[in-house]
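Spelled out, the chains give:
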Amino acid sequence: MSETVVIIGAGQAGCDMTAALRQQGFDGRIVMIGEEPVLPYRRPPLSKAYLSDEMTEEQLYIKPASTYEKQNVEVITGVRVERIDRAAKNVTLANGEVIDYTKLAFCTGGHARRLPLPGAEKPNVHYVRTIADIEKLKAQFLPGKRLLIIGGGYIGLEAAAVGIKKELRVTLVEAMPRLLARVTGPELSEYYYCVHSAKGVDIKLGAGVDALEGGELVERVVLADGTRLEADVIIVGIGLIPNTELAEAAALEVDNGILVDQQCRSSDPDIFAAGDCANHDHGFLLRRMRLESVPNASEGARVIAATICGKEAVHNGAPWFWSDQYDLKLQMVGINQGYEEVVIRGSMEENSFSAFYLCGGVIISADTVNRPKDFMVAKKLVAGRVKADAATLSDESVELKSLIA
Ligand SMILES: Cc1cc2nc3c(=O)[nH]c(=O)nc-3n(C[C@H](O)[C@H](O)[C@H](O)COP(=O)(O)OP(=O)(O)OC[C@H]3O[C@@H](n4cnc5c(N)ncnc54)[C@H](O)[C@@H]3O)c2cc1C
């Protein structure tokens, strides 16, 4: 019997998996099913170039339709997978179609965490996850409008930067005492606070949202301390919930993502998961982690393809990520959890620096701002668990690459 790989979710991981399967020599049937009505697309520009009208929808697509045809990949868009029958080894689509699989991959991503308050469903409250979300947002994202952003993570900050560029009046509220609190150290949080404040974003930290007030639209956001902030447009960027409901219904092991091993295999050996929906036994971090980044989705996709093709592969790359705000390119590698010391190389004032996070003298993570060369070396330093001291790292006369053994 010939093999059929069914991929649920036509996003970054799903798309990369189709290509990787063919590259690895898989010659069976590949069917990728996505509930969005478009071809797989890149999400990072949604809060950057696409929101600021510097990119068309077609430019978001990871590949044109012709590439899937050439690779003999069946892409079904605009239809949701509703059910998985693990015993019969098939999936049922919302239109009733049943497709058999020999191997199944979850590349289902996640959905934006909703603001759990009455009024959050009103038409001027927005999320930033899909092309459809941005199309709806763009109609209200107009010069002079009062934009209120709830959440000081990457998505909130990137949207704030575009808001300033498009001449909206931007306020950002964050419940934690600093920006980017979950992903970076206080030095970077302070740096981004100063950057955004200087550009005109009114940032309120330690500011939980208690209520939304208004009529047909939300007109005011009420903070926990009673402050009322007037707003025309609201963006909520408070995190992502992995899409695991199908996996749970199919009795796969799920705990903040579909639990997978280093080959991205779930508790069913014929079912895999990659990308935002997967909680990996991570070969580099040596612990479980659910990551939300393009490089993570791509690596997981490649590992699944190799494993299906009977090759050795493990998900063990040092995680990395980027974020663009104004003319600042932030690139991060590693996870800084548990760091003991941070060392700054370069100049925050000149918007060109790198922050290295050390634990027991080992570089466990780095954030670089407008320093792509530092970033390339930092990836190797983190991946190689290289030891370095603060004096050497901060000394710009010492070439970073000299630290690579
Ligand atoms: C605004 C924004 C900015 C970002 N910026 C960056 C960045 O700068 N750098 C970076 O590295 N990462 C960034 N990311 C994160 C990155 O885009 C994601 O980590 C990546 O897209 C994850 O890929 P994925 O394949 O797991 O999920 P997705 O790309 O989300 O694809 C999952 C797809 O599965 C579909 N699906 C779900 N359930 C079903 C079902 N039952 N049936 C059919 N289809 C289904 C979904 O509708 C979706 O289309 C950003 C994300 C967003 C939203």
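Residues numbered from 1 in each chain as written. Predicted model: local features only at pLDDT ≥ 70, side-chain atom pairs only at ≥ 80, totals over all residues.

Looking now at the environment of P177. Take P177: it is sitting in the loop between β11 (169-173) and α6 (186-199). For the pair P177 and E219, spaced 42 residues apart in the sequence, the C-alpha separation amounts to 25 Å. Discounting chain neighbours no more than four positions away, the residues touching P177 are L205 and G206. (Helix = DSSP H or I, 4+ residues; strand = E, 2+ residues; numbered from the N terminus. Contact = placed C-beta atoms within 7 Å.)

Within a regular strand, side chains alternate between the sheet's two faces. Every second residue of strand β16 (residues 233-236) is oriented toward a common face, with V233 and I235 on one face and I234 and V236 on the other, all of them buried. In this sheet, β16 lies alongside strand β9 (residues 125-126) in parallel orientation, the contact comprising two bridges. Bridge pairing in β16 links H126 to I235. In this sheet, β16 lies alongside strand β10 (residues 146-150) in parallel orientation, the contact comprising four bridges. Residue pairing in the sheet places L148 in a bridge with I234 of β16. (Buried ≥ 20, exposed ≤ 12 C-beta atoms within 10 Å, placed from the backbone. Pairing = 2+ DSSP bridges.)

Turning next to the pairing of strand β14 (residues 218-223). Where strand β13 (residues 209-214) meets β14, five bridges bridge the pair, whose relative direction is antiparallel. By the bridge assignment, G214 is partnered in β14 with V218. Taking the residues that link successive antiparallel strands as the turn, the β13-β14 hairpin has three residues. The sheet contact formed by β14 and strand β15 (residues 228-230) spans three bridges and is antiparallel. Residue pairing across strands places V222 opposite R228, the latter belonging to β15. If you look at the hairpin formed by β14 and β15, you'll find four residues sitting between the two strands, and G226 has a positive phi there, around 95°.

If you walk across this open sheet you meet the three strands as β18-β20-β21, and the pairing is mixed. The two strands at the open ends of the sheet, each matched to only one other strand, are β18 (258-260) and β21 (287-289). Within this sheet the neighbouring strands show an average axis-to-axis angle of 25°, counted without direction. (Axes fitted to C-alpha atoms, helices over the stretch in contact; angles between N-to-C directions.)

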